[in-house]
Amino acid sequence: MPFSHLHELKSQLDGGETTASTLAENYLKRIQTHNPTLNAFVHYDDKHVMAQAEASDAHRAKHGPRALEGLPIAIKDIFCSTDSPTTCCSNILKEYVAPYDAHVISLLREAGAVLLGKTNMDEFAMGSSNETSVFGPVRNPWNIDCIPGGSSGGSATAVAAGLAPAALGTDTGGSIRQPAALTGTVGMKPTYGRVSRRGIIAFASSLDQAGPMTRCVRDAALVTSVIAGHDARDATSVADAPVLDWLAACDRKDMKGLRIGKPAEYFIDGMHPEVTKAVDAALETCRDLGAEIVDISLPHTKYAVATYYVIAPSEASANLARYDGVRFGHRCSNPADLSDMYTRTRDEGFGAEVKRRILTGTFALSSGYYDAYYRKAQQVRTLIRRDFEKAFEQVDVIATPTSPMPAFRLDEKTDDPITMYLADIFTIALNLAGLPGLSQPCGVAEGLPVGLQWIAPAWREDVLLSAASAFEDATEWHTRTPDGFDTVGGAA
Amino acid sequence: MDVQKVAELARIRLTDEEAAELAPQLEHILKYVDSLQGLDTGDVSPTAHPHDAAMPLRADIADNPSRRNALQMPAPKTESGLYVVPKVIE
């Protein structure tokens, strides 16, 4: 405490040095102290957290520990859970309590985890700065005038400030990796189809994937090993996905024989010079660890953001059609007729960015424009996928900056949607290709954390985890903590 | 783009002021995504799903217990197990 890693807490619990109740109490104390400033959590219930912790201690005493026994984990407010509101940080779901748990929430409960509460996010995960949340923006603990990134900004800040040792996020175009980079934490987006999407409020169904946000690589492996796996109730959950030992992959201390691709398209003009410097230095470290750095090209990279901003809004416009004021969520008062009910409910319920995306997607899918926009984007998606397939004939893994810049100031990029969309320029392509990616801290720019992104072939999370573990072992970046958050709840 | 027409398709009420504010933003987004048009995609097959994996089938066993009450709990208005909406037919 307060910046303990999940696996350290696990050892302490297993060794009888602490209890789930003590840990829960300490983290609750930290949340109470720092959340008013950071706004990372949007719902938490002390009594319910303590009840889960006590139940975990009782389970341990009677049956021994399960995989995450007694370990506190924060949950992005996009995962349905029966014991708290699930709002997606939108007015349209402000009162919503889900009638079932998301599959991954069930898995965490079955593994003995203590769910600390729901974390803030961009409304419906649409944003890169956590400024579109109906509960207000999240602050970055490294500089509270800056955004933490998005959309999983609350989860990132909770982990970075030590309000939780680990959190769940979701990543549609970078929403785990970009906030992880901007807050100096580790975030992994598993291969599409690796983690069940059932009960995760859908944004863009062919891109969405859940994953861990943690303080180190091993913790990311630990959480992933619990939440991954086939779920027959999610038709896109892949049944025969190869599973490797991810915790064993984290024992790797060198990079001997590893061929790392450095794509020219990810080192471009306009990047923050200190980001370029930090990532170049990180690649030098990799070379010292025995890796071979291979210059590669992913020629369709420049089309990724445009492709994404056709496909994601199109899928969103279809997914968000369900918010019609009939089965759940907000309904406007005194509707004159059915049409008035739909249109006013949705006007009142959705924020500006969500409306922009629904309208963009509705247009792209509308009669006469479908081929020019949606089908075209799907074709370019194929080209982007092929770029990666070709690159992986030459290299084992690809390394890039996660974000072209460090955390920016609140309100700095809210005027023009495109400027904000470009914050995800390096994270979007791998969602389009369905590949796994991981961001880890690798330096500083303007005193703020810089992230190194690893990209691996489908189903090769083990390659990401090995490379990132070796890098982590050789550097100190993951041990840095923001000032001003190291006192309350100090004694574990 | 006719913003009000698209808003009607999306069933979102927009005031004229909102539509006026959104129009240039949406035009800007469309102009940006128009960069795709310059790319020759000829007979490239479209990607709808990232993997070529076949959709798995699950065993055809009924496992859907009646949970009407729980599922209707979040609904704004229900009566006798039905969802209540404004009158549709005069």
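Residues numbered from 1 in each chain as written. Chains lettered and ligands numbered in written order. Predicted model: local features only at pLDDT ≥ 70, side-chain atom pairs only at ≥ 80, totals over all residues. Heavy atoms only, no water.

(A) Structural view of the side chain of Ser 84 of chain A. Relative to the helices and strands, Ser 84 of chain A resides in the loop between strand 2 (72-76) and helix 4 (103-110). Once residues within four sequence positions are removed from consideration, Ser 84 of chain A is found in contact with Val 97 and Lys 118 of chain A. (Helix = DSSP H or I, 4+ residues; strand = E, 2+ residues; numbered from the N terminus. Contact = heavy atoms within 4.5 Å.)

(B) The sheet that holds strand 10 (residues 437-445) of chain A, seen in detail. Residues and elements named next belong to chain A. Spatial strand order, 1-3-2-4-6-5-10-11-9-7-8: 11 strands in an open sheet with mixed pairing. Two strands close off the open sheet at either side, each with one partner strand: strand 1 (41-43) and strand 8 (292-296). On average, each strand axis in the sheet is inclined to that of its neighbour by 35 degrees, with strand direction left out of account. As judged from the five bridges shared by strand 7 (residues 259-263) and strand 8, these two strands associate in the parallel manner. Looking at the pairing, Pro 263 lines up with Ile 296 of strand 8. Each of strand 2, strand 4 (166-171), strand 5 (186-189), strand 6 (209-214) and strand 10 touches helix 7 (residues 217-227); the most contacted strand, strand 6, lies at about 145 degrees to it. (Pairing = 2+ DSSP bridges. Axes fitted to C-alpha atoms, helices over the stretch in contact; angles between N-to-C directions.)

(C) Examining the interface of chain A and chain B more closely. On the side of chain B, 50 residues touch chain A, which itself brings 66 residues to the contact. There are two salt bridges connecting chain A and chain B. A salt bridge links Asp 347 of chain A to Arg 13 of chain B; the shortest N-O distance between them is 2.9 Å. Our count for the contact surface shared by chain A and chain B stands at 20 residue pairs in polar contact (both at pLDDT 80 or more). Looking at the side of chain A that touches chain B, the elements that each hand over two or more residues are helix 10 (304-319), helix 11 (338-349), helix 12 (352-365), helix 13 (370-394) and helix 14 (417-421) of chain A. Considering every element that reaches the side of chain A that touches chain B, the biggest residue donor is helix 13 of chain A, with 13 residues. Across the side of chain A that touches chain B, the residue classes tally to 35 nonpolar, 17 polar and 14 charged. (Salt bridge = Lys/Arg side-chain N within 4 Å of Asp/Glu carboxyl O. Polar contact = N/O pair within 3.5 Å; in protein donor to acceptor, adjacent residues only side chain to side chain. Nonpolar A, V, L, I, M, F, W, Y, C, P; charged D, E, K, R; others polar.)

(D) Spatial organisation of the pairing of strand 10 of chain A. Residue and element names in this part refer to chain A. Of all nine residues in strand 10, eight are buried; the element is thus mostly enclosed. Here strand 5 runs beside strand 10; their pairing, made up of three bridges, is antiparallel. Counted as the bridge partner of Lys 189 is Gly 437 from strand 10. Summarising the sheet, strand 10 and strand 11 (residues 448-455) pair through eight bridges and their orientation is antiparallel. Along strand 11, the bridge assignment pairs Pro 441 with Gly 451. Following strand 10, the chain reverses through two residues before pairing antiparallel with strand 11; Glu 446 in that reversal takes a positive phi of roughly 55 degrees. (Buried < 20%, exposed > 50% of the residue type's maximum accessible area, 1.4 Å probe, protein only.)

(E) Looking closely at the confidence of the model for chain B. Mean pLDDT over chain B works out to 90, with 96% of the residues at or above the 70 mark. Both scores are available for the predicted complex, with the pTM at 0.97 and the ipTM at 0.94. (pLDDT = per-residue confidence, 0-100.)

(F) Just a nonpolar patch on the surface, in detail. Residue and element names in this part refer to chain B. A contiguous nonpolar surface patch, about 290 Å² in accessible area, is contributed by Val 85, Val 88 and Ile 89. Along the chain, Val 85 turns up in the segment after strand 2 (82-83). You can call Val 85 partly exposed: its relative accessible area is 30%. (Patch = residues over 30% accessible without salt bridge, like charges linked within 9 Å, V, L, I, M, F, W, Y side chains within 5 Å. Areas by Shrake-Rupley, 256 points an atom, 1.4 Å probe, with all protein chains shown as cover.)

(G) Representation of the packing of helix 2 (residues 20-38) of chain A against helix 3 (residues 46-63) of chain A. All names here are of chain A. Orientation of helix 2 relative to helix 3, taken along the N-to-C sense of each, is 160 degrees, at an axis distance of 8 Å. By the angle between their directions, the pair helix 2 and helix 3 is classed as roughly antiparallel. Crossing hand, helix 2 versus helix 3: right-handed. Of helix 3, the residues touching helix 2 (which contributes Ala 20, Ser 21, Ala 24, Glu 25, Leu 28 and Gln 32) are Asp 46, Val 49, Met 50, Ala 53, Glu 54, Ser 56 and Asp 57. (Parallel < 35°, antiparallel > 145°, perpendicular 65-115°, else oblique. Left-handed = near helix turned anticlockwise from the far one by under 90°.)

(H) Spatial organisation of the pattern of salt bridges. Residues and elements named next belong to chain A. Throughout the structure, instances matching the rule amount to 27 salt bridges over all chains. One salt bridge connects Asp 83 with Arg 109, and the closest N-O pair in it is separated by 2.9 Å. Here the residue Asp 83 occupies a position in the loop between strand 2 and helix 4, and Arg 109 occupies one in helix 4, the gap between them amounting to 26 residues. Judged by its relative accessible area of 25%, Arg 109 falls in the partly exposed class. Across the pair Arg 259 and Asp 396 runs a salt bridge, and its minimum N-O distance is 3.0 Å. Here the residue Arg 259 occupies a position in strand 7, and Asp 396 occupies one in the loop between helix 13 and strand 9 (397-401), the gap between them amounting to 137 residues. For Asp 396, a relative accessible area of 25% gives the class partly exposed.

(I) Representation of the nonpolar core within the structure. Residue and element names in this part refer to chain A. Counting residues in each nonpolar core, the largest one holds 164 residues, and the members touching the most others are Phe 79, Leu 108, Phe 124, Met 255, Ile 260, Phe 388 and Trp 454. Ignoring sequence-local partners within four residues, the contact set of Met 255 consists of Ile 260, Cys 286, Leu 289, Gly 290, Ala 291, Trp 454, Ala 467, Ala 470 and Phe 471. Judged by nonpolar contacts, the second largest core, of 13 residues, contains Ala 160, Ala 407, Leu 410 and Ala 423. (Core = buried A, V, L, I, M, F, W, Y, C linked by side-chain atoms within 4.5 Å.)

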